[in-house]
Amino acid sequence: RDREPRVGITASDATITLRITATARDEAACLAAMEPTVATIYESLGDLVFGEEDDELEDVVVRLLKERGLQLAIDEWATEGLVTKWLTKADNDFECVFRSEPTTPVTGHPEYVIPETEARSIDAAVSMAKMAQEETTADIGIGIAAFPAQIEGPDAHVNAALALPDKIRKLRFSCAAHPSVIRSRTAKQALNALRLTLS
């Protein structure tokens, strides 16, 4: 707490933020004093760090998609459209993110009709990702299945999948979170998995 520069840590809505503050004669001296601390943070946290300044996770994902010339489509149940909302806000010109209409477990393309009883399965997530990808001709599809009936307990998890141009990535996220942040935490876990894949 008494070090210089100071490092403040806050957690909000399933994101941890580190704020570095230095005191010196001018801005350049402050930035120079911060550099060793910045280096330590990156060395310690590695790819857990997704951005700096005002970067949100969705901003970073959209930037990576644009850099690689890729388009993305989303089909989500547990997150109730949150991933789509964040990404389309970050992608103002809709250059790389397709607006995906929310579906229910029993609608959609005939090949991918999913009984409600299976809506929580990894197969459901894979089918959703493939449906989003194929129906929009996107390069990548994200599918997020429904939350389990009971979200409490160490084994409670939500399934998701990434349909990539050449393979399917199956994902499993723990539901261990406060009810007020479980939806946004799941959305951020899906976005982060995509970020790491694109990186």
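Would you mind going over the packing of helix α2 (residues 57-68) against helix α3 (residues 82-90) with me for this structure?
Packed helices, taken two at a time, are described by the angle between their axes plus the distance between the axes. Running from amino to carboxyl end, α2 crosses α3 at an angle of 65°, the nearest separation of the two axes being 9 Å. The way α2 lies across α3 gives a crossing that is right-handed. Residues Glu58, Asp59, Val61 and Val62 of α2 touch α3, and the partners they reach there are Trp86, Leu87 and Ala90. Here the residues of the contact of α2 with α3 sort into five nonpolar, no polar and two charged.

I would appreciate a short explanation of a negative patch on the surface in the present structure.
A contiguous patch of negative charge on the surface is contributed by Glu35, Glu52, Glu53, Asp54 and Glu56. Relative to the helices and strands, Glu56 resides in the loop between α1 (27-45) and α2. For Glu56, a relative accessible area of 38% translates into the label partly exposed.

Before we go on, may I ask you to explain the pairing of strand β6 (residues 168-174) in this structure?
For strand β5 (residues 157-163) and β6, the ladder comprises seven bridges, and the chain directions are antiparallel. Bridging across to β6, Val158 finds its partner in Phe173. Connecting β5 to the antiparallel partner β6 that follows it, the hairpin turn spans four residues.

Is there a simple way to explain the environment of Ala129 in this structure?
The topology assignment puts Ala129 in helix α4 (residues 122-136). Excluding residues that lie within four positions of it along the chain, Ala129 makes contacts with Gly141, Ile142, Gly143, Ala161, Leu162 and Ala163.

Any chance you could explain the side chain of Thr15 here in plain terms?
In this structure, Thr15 sits in strand β2 (residues 15-21). Assessed through its relative accessible area of 16%, Thr15 is described here as buried. Setting aside its immediate chain neighbours within four residues, Thr15 contacts Thr10, Phe50 and Lys188.

Just to check I follow, could you spell out α2 for this structure?
What sets the pattern is the α-helix's 3.6 residues per turn: residues three or four places apart point alike. Taking 1.5 Å per residue, twelve residues should reach 16 Å; α2 reaches 17 Å between its end C-alpha atoms and fits that length. Every buried residue of α2 is listed here: Leu57, Glu58, Val60, Val61, Val62, Leu64 and Leu65. Here the buried face of α2 lies against β3 (72-76), α3, β4 (140-144) and α5 (182-198). Downstream of α2 by a residue or two, Gly69 has a phi angle that is positive, lying close to 65°.

For this particular structure, what's the right way to read unusual backbone geometry?
For residues other than glycine, phi is negative in most cases, and the peptide bonds are mostly trans. Going from Glu4 to Pro5, the amide bond is cis rather than trans, its omega being 0°. For Pro5, the position within the fold is in the segment before β1 (6-12). Residue Glu53 is not a glycine yet carries a positive backbone phi of 55°. By secondary structure assignment, the location of Glu53 is in the loop between α1 and α2. For Glu53, a relative accessible area of 77% corresponds to the exposed category. With a phi close to 50°, Glu80 is a non-glycine residue in the positive phi region. Within the element layout of this structure, Glu80 appears in the loop between β3 and α3. Look at Glu80 and you get exposed, because its relative accessible area is 60%.

Cut-offs applied
Residues numbered from 1 in each chain as written. Predicted model: local features only at pLDDT ≥ 70, side-chain atom pairs only at ≥ 80, totals over all residues. Heavy atoms only, no water. Axes fitted to C-alpha atoms, helices over the stretch in contact; angles between N-to-C directions. Helix = DSSP H or I, 4+ residues; strand = E, 2+ residues; numbered from the N terminus. Left-handed = near helix turned anticlockwise from the far one by under 90°. Contact = heavy atoms within 4.5 Å. Nonpolar A, V, L, I, M, F, W, Y, C, P; charged D, E, K, R; others polar. Patch = residues over 30% accessible without salt bridge, like charges linked within 9 Å, V, L, I, M, F, W, Y side chains within 5 Å. Areas by Shrake-Rupley, 256 points an atom, 1.4 Å probe, with all protein chains shown as cover. Salt bridge = Lys/Arg side-chain N within 4 Å of Asp/Glu carboxyl O. Lys, Arg positive; Asp, Glu negative; His and termini not counted. Charge placed at Lys NZ, Arg CZ, Asp CG, Glu CD. Buried < 20%, exposed > 50% of the residue type's maximum accessible area, 1.4 Å probe, protein only. Pairing = 2+ DSSP bridges. Expected span 1.5 Å × (residues − 1).

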